Amino acid sequence: MADQTHVLFVEDDDVIREATQLALERNGFAVTAMPDGLSGLEAFRADRPDIALLDVMVPGLDGVSLCRRIRDESTVPVIMLSARADSIDVVLGLEAGADDYVTKPFDGAVLVARIRAVLRRFGHASGAQGEDRSAPATGGVLAFGDLEVDTDGMEVRRAGRPVALTPTEMRLLLEFSAAPGTVLSRDKLLERVWDYGWGGDTRVVDVHVQRLRTKIGQDRIETVRGFGYKLKA
């Protein structure tokens with residue numbers, strides 16, 4: 001249906017793919033399920049889903065490579081599925097542009113909650129139940145050296161040139177911009193940006209901070225060892 005949130009799900013295991021698709025559909029999502037990366041890329045280009053759920057280890061075009069291809073074309077939210085919490089694939093997926101990841105095997109309710117949390121961050125109402133968490137109110141155009149953050153227009157410029165950020169990167173920058181010079185812990189950023197009320201993997205924060213640094217300047221966000229990060233005022 002037109003008002004349903006459309007999920008692209010790429011998973012090569014038939015049992016997991018079918019069971020997960022049914023679980024998502026029972027929770028009100030429209031799902032396109034594909035068994036490999038190449039068919040997943042074709043489906044993404046044809047259907048333009050609201051969110052992509054990608055298993056790391058799929059044939060043809062692996063999930064990390066598929067994530068890169070999607071990110072080259074779109075800022076649509078991406079969640080990676082990884083069989084091992086300590087796998088390098090988790091970091092590779094985040095570096096490729098994924099917004100979050102879920103470890104397999106996963107509980108269906110947990111997966112749905114994580115999908116809805118990502119959708120809330122991206123402003124999707126359909127399929128995302130509960131209170132909408134808006135971006136922190138900072139107001140107008142904020143300047144930090146050659147970096148300008150337009151919190152009304154949701155635009156960023158560096159030395160007068162536009163900087164393209166994903167919605168997750170933008171929310172992260174808005175949190176820093178709302179409190180320049182203040183140290184924000186990884187746990188606090190997980191709570192505010194990723195909507196993790198129960199804690200989460202701080203690698204998600206670290207990788208996104210590094211991605212943000214490459215776009216706004218490596219020295220703009222300072223690491224405060226043992227505490228977190230802060231934006232240089």
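Residues numbered from 1 in each chain as written. Predicted model: local features only at pLDDT ≥ 70, side-chain atom pairs only at ≥ 80, totals over all residues. Heavy atoms only, no water.

1. Re helix α3 (residues 63-73)
Argument step 1. Burial in α3 covers these residues: Gly 63, Val 64, Leu 66, Cys 67, Ile 70 and Arg 71. The arc enclosing the buried residues of α3, seen along the axis, measures out at 155°, which places them on a common side.
Argument step 2. Measuring from the side-chain oxygen of the N-cap residue of α3 to the backbone nitrogen of Val 64 gives 3.0 Å; that N-cap residue is Asp 62. (Buried < 20%, exposed > 50% of the residue type's maximum accessible area, 1.4 Å probe, protein only. Helix = DSSP H or I, 4+ residues; strand = E, 2+ residues; numbered from the N terminus. Arc of directions from axis to C-beta. Polar contact = N/O pair within 3.5 Å; in protein donor to acceptor, adjacent residues only side chain to side chain.)

2. Side note on unusual backbone geometry
Argument step 1. Following Lys 104, the chain continues into Pro 105 via a peptide bond in cis, with omega recorded as -5°.
Argument step 2. Phi is positive for Ala 159, close to 55°, though the residue is something other than glycine.
Argument step 3. One can find Ala 159 in the loop between β8 (155-158) and β9 (161-162).
Argument step 4. Look at Ala 159 and you get exposed, because its relative accessible area is 56%.

3. Some points on the sheet that holds strand β4 (residues 78-82)
Argument step 1. Read across the sheet, five strands follow the order β2-β1-β3-β4-β5 without closing on themselves; strand pairing throughout is parallel. Lying at the two open borders of the sheet, with one neighbouring strand each, are β2 (30-34) and β5 (100-103). Averaged over all pairs of adjacent strands, the angle between strand axes in this sheet comes to 20°, irrespective of strand direction.
Argument step 2. Along the sheet face, helix α2 (residues 37-47) touches β1 (6-10) and β2 and points at about 165° away from the line of β1. (Pairing = 2+ DSSP bridges. Axes fitted to C-alpha atoms, helices over the stretch in contact; angles between N-to-C directions. Contact = heavy atoms within 4.5 Å.)

4. A short note on the sheet that holds β9
Argument step 1. A sheet is described by the order of its strands in space; here four strands give the open sequence β6-β7-β8-β9, paired in antiparallel fashion. Strands with a single pairing partner mark the edges of an open sheet, and in this sheet they are β6 (141-144) and β9.
Argument step 2. The sheet strands contacting helix α6 (residues 167-178) are β6, β7 (147-150) and β8, and the helix crosses β7 at an angle near 105°.

5. Section: the side chain of Thr 32
Argument step 1. Turning to its location among the elements, Thr 32 is positioned in strand β2.
Argument step 2. Ignoring anything within four residues of it in the chain, the contact list for Thr 32 reads His 6, Val 7, Leu 8, Phe 9, Ala 43 and Asp 47.

6. Description of the packing of helix α4 (residues 88-95) against helix α8 (residues 203-216)
Argument step 1. At their nearest, the axes of α4 and α8 sit 9 Å apart, and the two run at 35° to each other. In the packing of α4 onto α8, the handedness of the crossing is right-handed. Across the interface between the two elements, Val 90, Val 91, Leu 94 and Glu 95 of α4 pack against Arg 203, Val 204, Val 207, His 208 and Arg 211 of α8.
Argument step 2. Considered class by class, the residues forming the contact of α4 with α8 number five nonpolar, one polar and three charged. (Left-handed = near helix turned anticlockwise from the far one by under 90°. Nonpolar A, V, L, I, M, F, W, Y, C, P; charged D, E, K, R; others polar.)

7. Section: the pairing of strand β11 (residues 228-231)
Argument step 1. Two elements, strand β10 (residues 221-224) and β11, share four bridges in a ladder whose sense is antiparallel. Paired with Ile 221 across the bridge in β11 is Leu 231.
Argument step 2. What sits between β10 and β11 in their antiparallel hairpin is a turn of three residues, with Gly 226 showing a positive phi close to 85°.

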